[in-house]
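Overview (structure and organization)
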Amino acid sequence: AQSVTQLGSHVSVSEGALVLLRCNYSSSVPPYLFWYVQYPNQGLQLLLKYTSAATLVKGINGFEAEFKKSETSFHLTKPSAHMSDAAEYFCAVAGAGSYQLTFGKGTKLSVIP
Amino acid sequence: ETGVTQTPRHLVMGMTNKKSLKCEQHLGHNAMYWYKQSAKKPLELMFVYNFKEQTENNSVPSRFSPECPNSSHLFLHLHTLQPEDSALYLCASSEGRGAEGDTQYFGPGTRLTVL
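Parameters and conventions
- Residues numbered from 1 in each chain as written.
- Chains lettered and ligands numbered in written order.
- Predicted model: local features only at pLDDT ≥ 70, side-chain atom pairs only at ≥ 80, totals over all residues.
- Heavy atoms only, no water.
- Helix = DSSP H or I, 4+ residues; strand = E, 2+ residues; numbered from the N terminus.
- Rg over C-alpha atoms; globule rule 2.2 N^0.38 Å.
- Buried < 20%, exposed > 50% of the residue type's maximum accessible area, 1.4 Å probe, protein only.
- Areas by Shrake-Rupley, 256 points an atom, 1.4 Å probe, with all protein chains shown as cover.
- Lys, Arg positive; Asp, Glu negative; His and termini not counted.
- Charge placed at Lys NZ, Arg CZ, Asp CG, Glu CD.
- Pairing = 2+ DSSP bridges.
- Phe/Tyr/Trp six-rings, centres within 6.5 Å; stacked < 30°, edge-to-face > 60°.
- Contact = heavy atoms within 4.5 Å.
- Polar contact = N/O pair within 3.5 Å; in protein donor to acceptor, adjacent residues only side chain to side chain.

Right, let's talk about the overall build of chain A for a bit. Along the backbone of chain A there are 0 helices and 11 strands. At 13 Å, chain A has a C-alpha radius of gyration in line with the 13 Å of a compact globule built from 113 residues. Along the longest, intermediate and shortest principal axes, the C-alpha atoms of chain A span 45 × 25 × 20 Å. For chain A, the proportion of its 113 residues judged to be buried stands at 45%. Taken as a whole, chain A presents about 5,200 Å² of accessible surface, with 53% of it coming from carbon and sulfur. With 8 positive and 6 negative side-chain charges, chain A shows a spacing of 6 Å between the two charge centroids.

Our focus in this paragraph is the pairing of strand S8 (residues 73-78) of chain A. All names here are of chain A. Along S8, 5 of the 6 residues are buried, which leaves the element largely enclosed by surrounding structure. Strand direction decides the pairing type here: strand S3 (residues 19-26) and S8, joined by 4 bridges, are antiparallel. If you follow Leu-20 over to S8, its bridge partner there is Thr-77. By the bridge criterion, 5 bridges tie strand S7 (residues 64-68) to S8 in an arrangement that is antiparallel. Following the sheet pairing, Glu-64 is matched in S8 by Thr-77.

Here we take up the packing of aromatic side chains. Throughout the structure, instances matching the rule amount to 12 aromatic pairs over all chains. With a centroid separation of 6.2 Å and an interplanar angle of 25 degrees, the aromatic rings of A:Phe34 and A:Tyr36 are classed as stacked. A:Tyr36 matches A:Phe34 in its accessibility class, with the two residues each being buried. Seen from their ring centres, B:Phe64 and B:Tyr89 are 5.9 Å apart, and the 35 degrees between their planes marks the pair as tilted. In this pair, B:Phe64 is assigned in strand S7 (residues 64-70) and B:Tyr89 in strand S9 (residues 87-94), connecting sequence segments 25 residues apart. The pair B:Phe64 / B:Tyr89 is uniform in exposure class, with both members buried.

A few words on the environment of B:Thr103. Within the element layout of this structure, B:Thr103 appears in the loop between S9 and strand S10 (105-106). Under the relative-accessibility criterion, B:Thr103 is labelled buried at 10%. Between the alpha carbons of B:Thr103 and B:Met46 there is a distance of 17 Å; along the sequence they are 57 residues apart. Once you skip the residues sitting within four places of it in the chain, B:Thr103 turns out to touch A:Phe34, A:Tyr36, A:Leu46, A:Lys49, B:Ser93 and B:Ser94. A polar atom in the side chain of B:Thr103 sits 2.8 Å from the side chain of A:Lys49.

Below is the structure:
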């Protein structure tokens, strides 16, 4: 069984500041990890996906995430926040041999001008 | 149309009504999913279909009835719902075949309000 914990249901950053959204997972097998973004009144859009090819994964819109096995973490970062980054972000995990995802509760990102 | 589409986008229904939500994917995928997204709760997986066969039913009440006539279409039939069923219902699709790390692509959702 796998689970995901996202630390902080709400994160606020100033425009231009570093974005850091935290995700810790538990999985009994090497995981596949995902970050999705949800803008208001929309579905979830894939930001990036970890598949064990590289520990640092680059995604869309300037986001990236680093897989750290020793810390069971997959935190999402962006060097400089933009107003358009304001949205809710979800971390998800799938175990090897599974195509089903387990989602975290989400972190709402606010960007202050 | 591209990606995953859902209709209607908004639905208001009484507890005695019967309605259906529709999802269509244009990605050539073989697996389709229904999720429920309520405020302050994680996404809840409701149903999974893989090659038109239902492979997952996460203890969903019988007032929700899924139908998958082919790999491109997925319906969620609703009847005698309760106010607590009000939520955003999201449809997703993926390649399926039990592919490891299968990426799911989501539709925009149907915002359901039960009065």
